[in-house]
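Coordinate inspection notes
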Amino acid sequence: MKIIKWAGIVLLTIVLISAIAAGGFLQSQKPDYSEDFSLTGLQDEVEVYFDDYAIPHIYAKTDVDAYRTLGYLQAKERLWQMELVRRIAPGRLSEVFGEATLETDKLFRTLGIHQYSVESMRHFDNGMDPEIKELVLAYLDGVNQFIDKGDTPLEFLILGLEKSHFSPIDVYNVLGYMSFSFAMAHKTEPVLTYVLENFGPGLLNDLQVHVDSATTMIASGIGTAGLKEFSINVGKIMNQLPVPAFIGSNSWVVSGAKTKSGQPFFANDPHIGFSQPAVWYEAHLNTPNFETYGYFLGGFPFPQLSHNAHHAIGLTMFENDDIDMYREKQHPDNADEYEYKEEWLEYDSRVEIINVKDAESVNFIVKTTVHGPIVNESLKSLSDKYPVSLWWNFVKHPNHSLEAAYQMTMAKNMDEARKGASLIHGPGLNVMYADRDGNIAWWACAKLPKRPEHVNSKLILDGSSGADEPIGYYDFSENPHAENPDWDYVYSANNQPVVKGQPLHPGYYLPEDRARRIVHLLEGKDNWTADEIKAMQLDVTSDNVPEITASLLMALESSSFSAIEKNAFEVLETWNGGFEIENTAPVIYNKWLYHITYSTFADELGDDLFDVFNGTHIMKRSLQPLFANSASKWWDDVNTTDFSETMTDIVTKAFKQSVEELEQQLGPNTDEWQWGRVHTLEHNHSFSAVPSLKKYFNVGTFPAGGNIETINNLMHRLQPDGTYEVLAGPSTRRVVDFADVAGNSWSILPTGQSGNVMSDHYSDQAEMYAQGEFRRQLLDKEEIVEKAKYKAVILNDE
């Protein structure tokens, strides 16, 4: 996300410093939440009450008025964020950031998300439910009225960027970016194919990627260097994005049979990359026709997460494999043709023109096969002799995501919510549901492909034969799901769904750590309260880590330990797997884990490819079984020829190195090796690469508990220097109590509601979030009016 690097950095600094000196100017940028204003197109007066955290409670006479007001208010707080999000999918970041984002734009232009959005617009214009269409257009009109009437955000002024209107195609592009950010295949499949072709199926099997060498050892022909560079380049591009990626999530819903009140509890915390502003904009809409308390993405009119007095909807990422990569066969004499099913077909081609700030425009050609776009040009890592195409399920079906979000929000019962969920074809989502009638449900939502039995979708496939294509799709009724199960709860933690009588689906699922811990806690109690559900969301103990640690400690050669090494050993030996801020064991464990994984994988992969692998779900899933397998060939260092390293050699050397480095980093007293000293959270703005701007726009730093794959999933990358910047985690924590929805529903945002650095609500929740606190979500109008911090009345200006 730290992408702004240009020669004019001094000029930007001068602009900001001058603005600070001109105090009156900055004060004019501060939002006035009590300001009455008018909007063209309102049918009646709208009242907006803002609570203590500037969450708007919008009371309108019509749905259209509510959505027009929502668009205006969201743009007022988040226009810069909305601008960035809408530019990613169509590849238009370089118009703002120059050459720094050129490769990002080339990748997204190649993917063809914008072309898919254009196709979706035909449905929007000609086939969309008129009521839904009217609300979408009203929301966008509200956004555009703020663009015309409202103050220009500081970010636009600093960059000299002109504001421009939003249109429905921006809505589809926002969804397209969100969908691609879920995917792991583009980073993982080249790595796994590289391992297969260079080291054989045995090493892949040890990573729990089971390969039948008799049927899948078809060389990709791409070459060792090409496969490595492919993954490395994709990883770099995705890490440079100026808005956060969607990564994982927790949710669980407990039936009334397991709660003290006898009514369901609903909990959800989607895991998304941290940024400033945070990803969700909260708003409560009330009309005579409907009510929703929702979490809105920038530029998308309907909430992805929501609740009202009747029901609650939440999401987690399914993590199903919806991307396949194909090695195509190029015609030897005609660069415009490729082979498919023994025929030579002509590529579909289009010219893309990227306008680049302070530089010449860049033109390139995108070629597309029956599978999808050729990605060689956009990644500059693969020989043109071996074209690789990307098949993405998301762009292969009609897009009904607007209808899905609308129907789930407006549902009057579980059947209507299920119908809305069934419209989601991609990205793969787990939709969680509860209602005041006592129903609970989980639906895995995606158009799931049926693949031939011989196909391993985690590897690059053969594109020329036609034998590796999907052969059909499962009906939604066949997707993994559970409704009012006998065990009285449903949950999702991005784990492999396993439901009796339902098929398993390939995917890049996360380890079962969080799922296991959730089940462990839910099974052990039958009288849950809201406070206990909130405490569960903050749980930082892993049931898996003590098992992993035990496997590693057993492999250690400890006879020659120094005093400090013995102390570190004893700390780990008695550890319960808790990642509290003041705990010492997590510091030792994560440092040791880095050196073990680096020594195990980097000799085969190289440093850069190891860095990519270090960020994949496959690596996370593979570690515990690998550490229980001392016979794996991964333990041997391929760079040594005179002997074969064992697991004991690797883990012992890594342990000694870790303790030595920690002593140098944190001192000789292990009591001072506290997790919160090295595991920290800072919320980065897209200007964070500019030191003179970072201190004004970033929020934090805070010491952080939790870890990768604890329920309180504060994620970092394993690092050699022993510090761990939290990159992603709960984008909100929310709890809804159906015994008292209006009085006992809770939420928190990582920083604040506003994206305006001058707002009092830019970071007013950041300390609360870091401390594990919640704030109430108000739903009762009498209480909302009584406790309102601000009130605004919006009139029709016609």
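Attention in this report is confined to the structure presented alongside it. (Residues numbered from 1 in each chain as written. Predicted model: local features only at pLDDT ≥ 70, side-chain atom pairs only at ≥ 80, totals over all residues. Heavy atoms only, no water.)

This part covers the overall build of the protein chain. Helix and strand content of the protein chain: 28 helices and 31 strands. Here the C-alpha coordinates of the protein chain stretch approximately 85 × 70 × 60 Å along the principal axes. Relative to its full complement of 798 residues, the protein chain shows a buried share of 62%. Partitioning the contacts of the protein chain with sequence separation of at least 6, the portion at a separation of at least 24 is 71%. As displayed, the protein chain has an accessible area near 28,700 Å², and 49% of this comes from carbon and sulfur atoms. When the 63 basic and 113 acidic side-chain charges of the protein chain are each reduced to a single mean position, those positions are 2 Å apart. (Helix = DSSP H or I, 4+ residues; strand = E, 2+ residues; numbered from the N terminus. Buried < 20%, exposed > 50% of the residue type's maximum accessible area, 1.4 Å probe, protein only. Contact = heavy atoms within 4.5 Å. Areas by Shrake-Rupley, 256 points an atom, 1.4 Å probe, with all protein chains shown as cover. Lys, Arg positive; Asp, Glu negative; His and termini not counted. Charge placed at Lys NZ, Arg CZ, Asp CG, Glu CD.)

Strand pairing in a sheet takes place through backbone hydrogen bonds and is either antiparallel or parallel in direction. Overall, mixed pairing links the three strands, which are arranged 25-24-26 in an open sheet. In this open sheet, the two strands that pair with only one neighbour each are strand 25 (699–703) and strand 26 (724–725). Both strand 24 (residues 679–683) and strand 25 contribute to a ladder of three bridges, which runs antiparallel. From the neighbouring strand, T680 faces strand 25, where its bridge partner is P703. (Pairing = 2+ DSSP bridges.)

A few words now on the environment of G150. Here G150 is to be found in the loop between helix 7 (130–149) and helix 8 (154–159). For the pair G150 and Y72, spaced 78 residues apart in sequence, the C-alpha to C-alpha distance is 9.1 Å. Not counting residues within four places of it along the chain, the set of residues in contact with G150 comprises Q145 and K163.

To continue, consider the pairing of strand 4 (residues 246–254). Within strand 4, eight of the nine residues are buried, which leaves the element mostly enclosed by the surrounding structure. Strand direction decides the pairing type here: strand 4 and strand 5 (residues 265–273), joined by eight bridges, are antiparallel. Each residue of the ladder has a partner; that of V253, found in strand 5, is F266. Sheet topology places strand 4 next to strand 23 (residues 489–492); four bridges connect them, and they run antiparallel. Looking at the pairing, W252 lines up with Y491 of strand 23.

Read from one edge to the other, the open sheet built from 11 strands follows the order 1-31-2-3-6-7-8-9-17-18-22, with strand pairing classed as mixed. The outermost strands of the open sheet, each flanked by one partner alone, are strand 1 (37–39) and strand 22 (481–483). Sheet twist, expressed as the mean angle between neighbouring strand axes with direction ignored, is 20 degrees. In this structure, strand 1 lies alongside strand 31 (residues 790–796), joined through three bridges in parallel fashion. (Axes fitted to C-alpha atoms, helices over the stretch in contact; angles between N-to-C directions.)

A full pass over the atoms with the stated rule returns 30 salt bridges. Between E377 and K106 there is a salt bridge, with the nearest N and O atoms lying 3.1 Å from each other. Linking E377 in helix 14 (residues 376–379) with K106 in helix 5 (residues 102–111), this pair joins segments that are 271 residues apart in sequence. Residue K106 is classed as buried on the basis of its relative accessible area of 4%. In this structure, E282 and R775 form a salt bridge, with 2.3 Å as the shortest nitrogen-oxygen distance. Taken as a pair, E282 in strand 6 (residues 281–286) and R775 in strand 30 (residues 775–776) lie far apart in primary sequence, 493 residues in all. (Salt bridge = Lys/Arg side-chain N within 4 Å of Asp/Glu carboxyl O.)

Another point: the nonpolar core. Within soluble globular proteins, side chains that are nonpolar generally end up buried alongside one another. Ranked by size, the top nonpolar core spans 114 residues in total, and within it F302 and W443 carry the most contacts. The contacts of F302, once residues within four sequence positions are left out, are Y67, I132, L135, V136, F296, L402, A405 and Y406. (Core = buried A, V, L, I, M, F, W, Y, C linked by side-chain atoms within 4.5 Å.)

Moving on to helix 6 (residues 113–126). Here helix 6 contains 14 residues, and its C-alpha end-to-end distance of 20 Å stays within 8% of the 20 Å for a straight helix at 1.5 Å per residue. Residues of helix 6 that are buried: I113, Y116, S117, S120, M121 and F124. The arc that holds every buried residue of helix 6, seen down its axis, measures 155 degrees, which confines them to one face. What points out from helix 6, more than 90 degrees from its buried face, is the exposed set R122 and N126. (Expected span 1.5 Å × (residues − 1). Arc of directions from axis to C-beta.)

As a further point, take the packing of helix 20 (residues 563–573) against helix 24 (residues 647–666). Here helix 20 crosses helix 24 at 105 degrees, and the two axes come no closer than 10 Å. As the angle between them shows, helix 20 and helix 24 are arranged roughly perpendicular. Residues I564, E565, A568, F569 and L572 of helix 20 touch helix 24, and the partners they reach there are F655, K656, V659 and E663. Of the residues contributing to the contact of helix 20 with helix 24, the split by class is six nonpolar, no polar and three charged. (Parallel < 35°, antiparallel > 145°, perpendicular 65-115°, else oblique. Nonpolar A, V, L, I, M, F, W, Y, C, P; charged D, E, K, R; others polar.)

On to the packing of helix 19 (residues 545–555) against helix 21 (residues 585–605), then. For the pair helix 19 and helix 21, interaxial distance at closest approach is 12 Å and the crossing angle is 60 degrees. Regarding the angle of helix 19 to helix 21, the classification is oblique. Note that helix 19 runs across helix 21; the crossing there is left-handed. Across the interface between the two elements, V545, I548, T549, L552 and L553 from helix 19 touch Y589, W592 and I596 from helix 21. Considered class by class, the residues forming the contact of helix 19 with helix 21 number seven nonpolar, one polar and no charged. (Left-handed = near helix turned anticlockwise from the far one by under 90°.)

Attention now goes to the side chain of H311. Locating H311 in the fold gives a position in strand 9 (residues 311–317). A residue is classified by how much of its surface remains accessible, and H311, at 1% relative accessible area, is buried. At 3.1 Å, the side chain of H311 and the side chain of H310 are in polar contact. Of the polar contacts made by the side chain of H311, one reaches the backbone oxygen of A411; its length is 3.5 Å. When neighbours within four sequence positions are excluded, H311 is seen to be in contact with S306, M408, T409, A411, Y433, A434, D435 and F738. (Polar contact = N/O pair within 3.5 Å; in protein donor to acceptor, adjacent residues only side chain to side chain.)

Spatial relationships are all this shows, so hold off on functional conclusions.
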